[in-house]
Amino acid sequence: MNANNHRLRTWTEQRMISIPQLFFQFYKELNMEDEEALIVMHLLAFHMEGNDFPTPNDLKNRLTMSDHDITSRLQRLMQKGFLEIIRDVDVSGRLYEKYAVYPLWERIVQMMDMKEQQKSAVTLQQEEGELFRLFEEEMGRLLSPLELEKIGSWLDEDKHSPALIKEALKEAVFAGKLSIRYIDRILLEWKKKNITTPQAAQKQTEQFREKQTLNRTPARTTQQETPPSTNKVSFYNWLEERE
């Protein structure tokens, strides 16, 4: 094996430096400058090499920055809350200092959570807008101020999801009782039964209809004896529901 191939093997067998991909996605949004991000990456590289507290001179040997620039940027990283110096004790009981980038990872996680919350809020707003549009479509008219207020109370006060309200609307349409009062009764009964998802609501309605079908079916029937109403679909009359 020639010298060039030996060096190539050495390079490829070196440990890879672990830098979370999220760091590259978010460091600009955290108002971190490119030079500061580069210093963080070098600190991670030194950590992989077993040096948790590289000096400005150690960093200078790998960077095209002056001692002053390196020291200044290290201080700014700490002032921004991305980097901290912590004290620890080694196996021999000696006190030592080291850099910790945990505050940076924590800030990135917080930013991810914030973005997820913003995304969820936008999605919810879109779902609510679609909900009002669907009500107007099914009723064939614009909603009155009182109807708008009532639907808003289902969302804001009762904390029903748009999906569950849509399911209640569908149930009212199937039953031929399309009114805000009837839908309100459906949601009230579902809340009493701790039904919070469309899937649970569908299951409860199916169980009711199966029970009604069994109650109407005689033990023994002939083709002539079967009443014409046997094949009709039963609907839950929510306005008559009692506990």
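Residues numbered from 1 in each chain as written. Predicted model: local features only at pLDDT ≥ 70, side-chain atom pairs only at ≥ 80, totals over all residues. Heavy atoms only, no water.

What follows concerns the packing of helix 3 (residues 34–48) against helix 5 (residues 67–79). Between helix 3 and helix 5, the shortest axis-to-axis distance is 10 Å and the interhelical angle comes to 90°. Classified by the interaxial angle, the pair formed by helix 3 and helix 5 is roughly perpendicular. Listed contacts from helix 5 to E35, E36, I39, V40 and L43 of helix 3 are I70, R73, L74, R76 and L77. Broken down by class, the residue content of the contact of helix 3 with helix 5 amounts to 6 nonpolar, no polar and 4 charged. (Axes fitted to C-alpha atoms, helices over the stretch in contact; angles between N-to-C directions. Helix = DSSP H or I, 4+ residues; strand = E, 2+ residues; numbered from the N terminus. Parallel < 35°, antiparallel > 145°, perpendicular 65-115°, else oblique. Contact = heavy atoms within 4.5 Å. Nonpolar A, V, L, I, M, F, W, Y, C, P; charged D, E, K, R; others polar.)

This part is about the packing of aromatic side chains. Within a pair of aromatic rings, the relevant descriptors are the distance that separates the centres and the angle that separates the planes. Considering all chains together, one arrives at 5 aromatic pairs under this definition. Pairing F23 with Y27 gives two aromatic rings, centres 5.4 Å apart and planes at 25°, and the pair type is stacked. Given a relative accessible area of 16%, Y27 falls into the buried group. Feature note: the residues F23, F24, Y27 and W105 constitute an aromatic cluster, connected by ring pairs. Taking the ring centre of F46 as reference, the NZ or CZ of R62 above it sits at 4.0 Å. (Phe/Tyr/Trp six-rings, centres within 6.5 Å; stacked < 30°, edge-to-face > 60°. Buried < 20%, exposed > 50% of the residue type's maximum accessible area, 1.4 Å probe, protein only. Lys NZ or Arg CZ within 6 Å of the ring centre and 35° of its normal.)

Taken as a whole, the chain shows an average pLDDT of 85; of its residues, 82% reach a score of 70 or greater. Confidence over residues 228–234 falls short of pLDDT 50; this stretch has 7 contacts with residues more than four positions distant or in other chains. (pLDDT = per-residue confidence, 0-100.)

This paragraph deals with helix 3. Here helix 3 contains 15 residues, and its C-alpha end-to-end distance of 21 Å stays within 8% of the 21 Å for a straight helix at 1.5 Å per residue. Among the residues of helix 3, E36, A37, I39, V40, H42, L43, L44, A45 and F46 are the ones counted as buried. Where helix 3 is buried, its residues contact helix 2 (21–26), helix 4 (56–60), helix 5, strand 2 (95–100) and helix 6 (102–139). Once helix 3 finishes, G50 follows within two positions and takes phi at roughly 95°, a positive value. (Expected span 1.5 Å × (residues − 1).)

Another aspect to go through is the environment of I39. Note that I39 resides in helix 3. Using a relative accessible area of 0% as the deciding quantity, one classes I39 as buried. With 35 residues separating them along the chain, I39 and L74 place their C-alpha atoms 7.8 Å apart.

The pairing of strand 1 (residues 84–89) with strand 2 spans 6 bridges and is antiparallel. From the neighbouring strand, R87 faces strand 2, where its bridge partner is E97. Between strand 1 and strand 2, which follow one another and run antiparallel, lie 5 residues, and G93 among them has a positive phi close to 90°. (Pairing = 2+ DSSP bridges.)

Scanning the model with the defined rule gives 19 salt bridges in all. R62 is the partner of E49 in a salt bridge, and the nearest nitrogen-oxygen pair spans 2.8 Å. Pair noted here: E49 is in the loop between helix 3 and helix 4 and R62 is in the loop between helix 4 and helix 5, with a separation of 13 residues, a long-range link. Judged by its relative accessible area of 48%, E49 is partly exposed. Residue R62 is classed as partly exposed on the basis of its relative accessible area of 38%. Between K150 and D184 there is a salt bridge; the shortest N-O distance is 3.6 Å. Taken together, the residues K150 in helix 7 (residues 145–156) and D184 in helix 9 (residues 180–192) connect sequence positions 34 residues apart. Take K150: its relative accessible area is 30%, and that puts it in the partly exposed class. A cluster of three or more residues bridged by salt bridges with shared partners is formed by E33, E36, R76 and K80. (Salt bridge = Lys/Arg side-chain N within 4 Å of Asp/Glu carboxyl O.)

Another aspect to go through is the environment of S92. Within the element layout of this structure, S92 appears in the loop between strand 1 and strand 2. Engagement of the side chain of S92 in a polar contact is seen with the side chain of D90, the distance being 2.8 Å. For S92, the side chain forms a polar contact with the side chain of R94, separated by 3.3 Å. (Polar contact = N/O pair within 3.5 Å; in protein donor to acceptor, adjacent residues only side chain to side chain.)

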